[in-house]
Amino acid sequence: MIGFFIALISGALMSIQGVFNTQVTKTSGIWVANAFVQLTALLVCLGAWLVTDRQSFGALLRVEPKYMLLGGVIGAFITYTVIKGMEMLGPAKAVMLIVIAQLIVAYVIELLGWFGVEKQSLEWRKVLGMLIAVAGVVIFKWK
């Protein structure tokens, strides 16, 4: 149950962050805003690391496969695309499309067992759920 609430908080924070970042971009430019977001995230993570477990950064050298270390690079492009999506579509439409894309890609990753995720079998109720979510986006955009 705690995981459910953490996921809800994550979604809410992502929406708020997207709006904040889009507003910052209006004054500073998208790559300056993106760099600021990543820098402040680094500072918060370092602060949290200092007051928690303080595991060695050397452990990162043992991560396999090495491409798993590209999360930060992907994060920079996530920030960019969220800002542009919200700027062009508005927060609600952008977030709906972002969530649908996350859902579909996450399910494909599970189905195919990519990136070390345990492979799952196709469940039609999950496919139906995604189709209902896509229909919700269509209804939301309907004028």
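A short tour of the structure in this document, coming up. (Residues numbered from 1 in each chain as written. Predicted model: local features only at pLDDT ≥ 70, side-chain atom pairs only at ≥ 80, totals over all residues. Heavy atoms only, no water.)

Another aspect to go through is the packing of aromatic side chains. Taken as a whole and assessed by the stated rule, the structure comprises six aromatic pairs. Summarising the aromatic geometry, the rings of W31 and F77 are spaced 6.2 Å apart at their centres and angled 80° between planes, so their arrangement reads as edge-to-face. Within this pair, whereas W31 is found in helix 2 (residues 30–51), its partner F77 is found in helix 3 (residues 71–89), the two being separated by 46 residues in sequence. A relative accessible area of 48% means that F77 is categorised as partly exposed. Measuring from centroid to centroid gives 5.0 Å for W31 and Y80, while their planes differ by 15°, and the two rings are stacked. Within this pair, whereas W31 is found in helix 2, its partner Y80 is found in helix 3, the two being separated by 49 residues in sequence. Residue W31 is classed as partly exposed on the basis of its relative accessible area, which comes to 47%. Under the relative-accessibility criterion, Y80 is labelled partly exposed at 26%. Aromatic rings pair up to connect W31, F77 and Y80 into one cluster. (Phe/Tyr/Trp six-rings, centres within 6.5 Å; stacked < 30°, edge-to-face > 60°. Helix = DSSP H or I, 4+ residues; strand = E, 2+ residues; numbered from the N terminus. Buried < 20%, exposed > 50% of the residue type's maximum accessible area, 1.4 Å probe, protein only.)

Counted at 1.5 Å a residue, the expected span for helix 2 with its 22 residues is 32 Å, and the 32 Å between its end C-alpha atoms agrees. Of all the residues in helix 2, the buried ones are I30, A33, N34 and V37. Angular distribution of buried residues about the axis of helix 2 spans 100°; they occupy a single face of the element. Residues of helix 2 that are exposed and angled more than 90 degrees away from the buried face: V32, F36 and L43. Summarising the contacts, the buried residues of helix 2 are in contact with helix 1 (2–28) and helix 3. (Expected span 1.5 Å × (residues − 1). Arc of directions from axis to C-beta. Contact = heavy atoms within 4.5 Å.)

Before going further, it helps to spend a moment on the packing of helix 4 (residues 91–112) against helix 5 (residues 124–141). In contact at an axis separation of 10 Å, helix 4 and helix 5 are set at 165° when each is read in the N-to-C sense. Overall, the two elements helix 4 and helix 5 adopt an arrangement that is roughly antiparallel. Between helix 4 and helix 5 lies a crossing of left-handed hand. For the pair helix 4 and helix 5, contact is made by A92, K93, M96, L97, I100, L103, I104, Y107 and E110 and by K126, V127, M130, A133, V134, V137, F140 and K141, respectively. (Axes fitted to C-alpha atoms, helices over the stretch in contact; angles between N-to-C directions. Parallel < 35°, antiparallel > 145°, perpendicular 65-115°, else oblique. Left-handed = near helix turned anticlockwise from the far one by under 90°.)

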